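Descriptive analysis of the structure
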Amino acid sequence: MRKLVVPAVLALAASLLTACGGGDSGGPTTLTFYSSNPNQQPIVEKCAADSGGRYRIDLQALPNTASGAREQLLRRLAAQDRGMDILSIDPPFMAEFANAGFLRPFTDAERTQFTDGVLDGPVAQGLYDDKLYSAPANGNTQLLWYRKSVLAKAGVDPGAGPVTWDQLIDGAEKAGVTVAGQGRRNESLMVWVNALVASAGGSILTEDSEGKPADQVKSGLDSTAGREAARIIGKLARSSAAYPSFSTGSEDDARAAFARPDGGFMVNWPYIWAAAQAAIDEGQLPKNFLDDVGWARYPRVLADRESAPPSGGLGLSISAFSRHPELAVDVIRCVLSPANQKQYMFTAGDPAVLSSVFDDPEVRERFPMADAIREGMDQATPRPVSPYYGDVTAAIQAGFHPPDEVTEGSAKRTARLLEDVLSNQRLI
């Protein structure tokens, strides 16, 4: 008799779980939306209200760090949690989820809809195995920010044309100011290394590594591009242009260093503009501070080669175990409408992914560097799209930290470390 009890209990549990989704009883279907950004709350509420009672959205908060959000999502997806519908995923970890069969690929028609008019950088980081697994939701890229008042003394003017990292470091030392970046051993460092390598014409993983087992993946760091990236990191970290806490510096630490009297140059995301405005309103910065701030494209590694700006942002994916995938597509379609992308850009400070949004007069008023952001996002180079990204970034962070100990030889040593970690020969 006990053997008959288990199926009965499971059937009852299944019926209760199905009922939790709504719809069958005539009410709206509840979709669960996992997100690390509370700024999406008013947008999903509006989408639910505009759905005509078809659905309601339960927004579940993820940790606000990429690694923390990844861990929570992976744990639930590995258990085939059917209570997950829409997932906000940091792009570098998308391939890992897709490779494991945890994400529903968008159809060809959906792919066309979610990439039409979208800037190239955000699209590239939503693709794996030539399928769209993550609809670009918001993008990001870093700009070169500078204090206009230091340019004459530094002998370099990013507003007049492209500048190299060497020119910035040398000019900052000459002017007695800093070049604020992120040297902390976390994802910020990986972003910097990837941008430098790509700007020099290389890649962290070789092109023929895609689709191969982990122990056959090869690093492209033992190359001229890898050595150039290492040289620049070490040069800045050991120079007088590095601010005191550079080796542990985050984006906000760099922003604080840039605002100090000896601040001169900085690479950082566009959010710093709104952050500076808030600091002015709170009396933490002089009222005329932003009058002294200019911006330009991310610095070059090689004088004769365009830079490859960092790519960031978030994508929206659908769980492979969702009971309502078609309805989830409708939700994403609403969330990513041009009007909602504009609203999100205003509330969160993160750039939209649709090129047309940057032509909106209100957007251009609030973000006077809109054209620079759009250009940077369109030509940005994503971090390696790989199912083994967690090990890749861990190896890069270990090999290039602390920055003041990085030399050209670090490129070869890190390449070996990366390959050894992927083939289970070494641990980090």
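Scroll up to find the structure.
This report concerns the structure included in the present document. Just so we're clear, the structure is a prediction, and the values are computed from it rather than from any experiment.

**Considerations on the overall build of the protein chain**
Across its full length, the protein chain holds 18 helices and eleven strands. The C-alpha atoms of the protein chain give 23 Å as radius of gyration, which agrees with the globular expectation for 428 residues (22 Å, within 12%). Structurally, the protein chain occupies a C-alpha span of about 85 × 55 × 35 Å along its principal axes. In the protein chain, once contacts between residues fewer than 6 apart in sequence are set aside, the share between residues at least 24 apart is 73%. Total accessible area on the protein chain stands at roughly 18600 Å², and carbon and sulfur atoms take up 49% of it. Separation of charge centres in the protein chain, based on 41 positive and 52 negative side chains, amounts to 4 Å.

**Considering the pairing of strand β9 (residues 263-268)**
Where burial is concerned, most of β9 is hidden: six out of the six residues are buried. For strand β7 (residues 143-147) and β9, the ladder comprises four bridges, and the chain directions are antiparallel. Bridge assignment links Tyr 146 to a residue of β9, and that residue is Phe 265. Both strand β8 (residues 178-180) and β9 contribute to a ladder of three bridges, which runs parallel. Directly across from Thr 178, in β9, lies its bridge partner Gly 263.

**Concerning the sheet that holds strand β2 (residues 55-61)**
Here we have five strands laid out as an open sheet, ordered β2-β1-β3-β11-β6, and mixed in their pairing. Only two strands of the sheet have a single partner each, and these edge strands are β2 and β6 (135-140). The sheet shows a mean angle of 20° between the axes of neighbouring strands, direction not considered. Of the strand pairs in this sheet, strand β3 (residues 86-89) and strand β11 (residues 312-318) are connected by four bridges, and their pairing is antiparallel. In the sheet register, Leu 87 faces β11, and the bridge partner there is Ser 317. Helix-sheet contacts for helix α2 (residues 41-50) involve β1 (29-35) and β2, and the interaxial angle to β2 is about 165°.

**Focus on the packing of helix α5 (residues 108-115) against helix α13 (residues 325-335)**
Two elements in contact, α5 and α13, have axes whose closest approach is 11 Å; the angle formed by their N-to-C orientations is 15°. The angle between α5 and α13 places the two elements in the roughly parallel class. Between α5 and α13 lies a crossing of left-handed hand. For the pair formed by α5 and α13, the contact residues are Glu 110, Gln 113 and Phe 114 on the first element and Val 329, Ile 332 and Arg 333 on the second. Within the contact of α5 with α13, the residues separate by chemical class into three nonpolar, one polar and two charged.

**Observations regarding the packing of aromatic side chains**
Within the structure shown, the criterion is met by twelve aromatic pairs. Where Tyr 128 meets Tyr 133, the ring centres are 6.4 Å apart and the plane angle is 50°; that geometry is what we call tilted. Just as Tyr 128 is buried, Tyr 133 falls in that class too. Ring geometry for Trp 165 versus Trp 192: centroids 5.8 Å apart, planes at 45°, classification tilted. You can see Trp 165 sitting in helix α8 (residues 165-175) and its partner Trp 192 sitting in helix α9 (residues 187-199), a full 27 residues away along the chain. Overall, Trp 165 belongs to the buried group, its relative accessible area being 1%. Ring pairs connect the aromatic residues Trp 165, Trp 192, Tyr 243, Phe 246 and Tyr 298, which therefore count as one cluster.

Rules used throughout
- Residues numbered from 1 in each chain as written.
- Predicted model: local features only at pLDDT ≥ 70, side-chain atom pairs only at ≥ 80, totals over all residues.
- Heavy atoms only, no water.
- Helix = DSSP H or I, 4+ residues; strand = E, 2+ residues; numbered from the N terminus.
- Rg over C-alpha atoms; globule rule 2.2 N^0.38 Å.
- Contact = heavy atoms within 4.5 Å.
- Areas by Shrake-Rupley, 256 points an atom, 1.4 Å probe, with all protein chains shown as cover.
- Lys, Arg positive; Asp, Glu negative; His and termini not counted.
- Charge placed at Lys NZ, Arg CZ, Asp CG, Glu CD.
- Buried < 20%, exposed > 50% of the residue type's maximum accessible area, 1.4 Å probe, protein only.
- Pairing = 2+ DSSP bridges.
- Axes fitted to C-alpha atoms, helices over the stretch in contact; angles between N-to-C directions.
- Parallel < 35°, antiparallel > 145°, perpendicular 65-115°, else oblique.
- Left-handed = near helix turned anticlockwise from the far one by under 90°.
- Nonpolar A, V, L, I, M, F, W, Y, C, P; charged D, E, K, R; others polar.
- Phe/Tyr/Trp six-rings, centres within 6.5 Å; stacked < 30°, edge-to-face > 60°.

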